[in-house]
Amino acid sequence: MKLSTRDAVSYFARPDPDKTGILIYGADAMRVALKRQQLLAALLGKEAEEEMRLTRLNGGDLRKDPALLLDAVKAVGFFPGPRAAFVQEANENSGPAILTALADWQSGDAQIIVTAGALKPTSKLRKAFEAHPNAYAAGIYDNPPTRAEIETTLSETGLALPTGDVMAALSDLAQAIDPGDFRQTIEKLSLYKLHDPAPISLQDIAACAPTSTEADVDDVLMVVAEARAHEIGPMMQKLIAQGANPVGLCIGAMRHFRALYRAACDTSGRPTIFGPNRDRMLAQSRKWGAVKLETALTVLTDTDLKLRSAGQHAPGMALVERAFIRLAMLAPR
């Protein structure tokens, strides 16, 4: 069965111990790893490794010895509690061994937890989990964490759920940095607030937030927001040489302009923008204004849809560069 993004959030927090297993796949290895860690902790508990209720296998090893996974699934444990056989870095070459284990699985066997990179809809491995009546397939995409995911991360680290501006600031931060960095920031925040009963404040977040993000991407976004159109081409060539992803670059631009839009619409006098470019971004938000920022977000949303369209054949980075130049020309002088 195929898990939707919304259903996957609740399932990773409360997995069903009676299921055959789950395939977690996606292009971002960090996002996949975080979801896998969350699921295994919820399914097996913290003592699974010590009690030998978790068997770790590599997808490459299954090609050499296909029986490894089935042996792990059928093995009888010495300790009570749920068991799992975890296969990491699976691919089509390790698919036959995984499909055999799925077919031979019976109630009482160890769950089959598989992680993989990006898989096409035609992948035999993906189709097997999606078609299985008692197993799941969950795709992890490069989308910012949802509010539910942020709340889950806070709860797991023992932090009380904030409200209002503080929660909005955490949402902004989650969209500005990688999932692994956000998780580390929350863990740092939990240590920072140890033995402090006061609610999380904006000052606490600022003290624990990373001091910088990816400089090259930040640089081109600053150039766009500050209407320096003549500098966009050379910077895009540099990003292309570094292997930048057009969808990721477009998502980063949407995060940047959403932050500017929230700051432009802020009525509290304390707009929540973090990072070393905070002062420049506040100046950008004042210069653009809410109306033009809405137009900018529409341009970026249209570009993102084109990049993800199955019928799109134009070079992705060319589409992003065109959108950036259009925004720079739109920016107030």
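A. Structural context of the overall build of the protein. Tallying secondary structure elements over the protein gives 15 helices and six strands in all. Along the three orthogonal principal directions, the C-alpha set of the protein runs to about 70 × 55 × 30 Å. Residues counted as buried form 45% of the 333 residues belonging to the protein. Surface summary for the protein: the accessible area is close to 17,000 Å², and the carbon and sulfur share equals 54%. Charge separation in the protein, taken as the distance between the mean sites of 38 positive and 39 negative side-chain charges, equals 6 Å.

B. Quick peek at helix α13 (residues 246–265). Helix length check: α13 (20 residues) gives 28 Å between terminal C-alpha atoms against 28 Å at 1.5 Å per residue, within 8%. Along α13, 14 of the 20 residues are buried, which leaves the element largely enclosed by surrounding structure. Taking the backbone nitrogen of V247 as reference, a side-chain oxygen 2.9 Å away marks N245 as the first, capping residue of α13.

C. Region of the structure containing the sheet that holds strand β2 (residues 21–25). A sheet is described by the order of its strands in space; here six strands give the open sequence β1-β6-β2-β5-β4-β3, paired in parallel fashion. Whereas interior strands pair on both sides, the edge strands pair on one side only; in this sheet they are β1 (2–3) and β3 (54–58). Sheet analysis places β1 next to strand β6 (residues 135–139), joined by two bridges and oriented parallel. Bridge pairing in β6 places L3 opposite A138. Across the sheet, helix α6 (residues 124–131) touches β1, β2, β4 (84–90), β5 (111–116) and β6, and the angle it forms with β2 is around 135°.

So, how was this worked out
Residues numbered from 1 in each chain as written. Predicted model: local features only at pLDDT ≥ 70, side-chain atom pairs only at ≥ 80, totals over all residues. Heavy atoms only, no water. Helix = DSSP H or I, 4+ residues; strand = E, 2+ residues; numbered from the N terminus. Buried < 20%, exposed > 50% of the residue type's maximum accessible area, 1.4 Å probe, protein only. Areas by Shrake-Rupley, 256 points an atom, 1.4 Å probe, with all protein chains shown as cover. Lys, Arg positive; Asp, Glu negative; His and termini not counted. Charge placed at Lys NZ, Arg CZ, Asp CG, Glu CD. Expected span 1.5 Å × (residues − 1). Polar contact = N/O pair within 3.5 Å; in protein donor to acceptor, adjacent residues only side chain to side chain. Pairing = 2+ DSSP bridges. Contact = heavy atoms within 4.5 Å. Axes fitted to C-alpha atoms, helices over the stretch in contact; angles between N-to-C directions.

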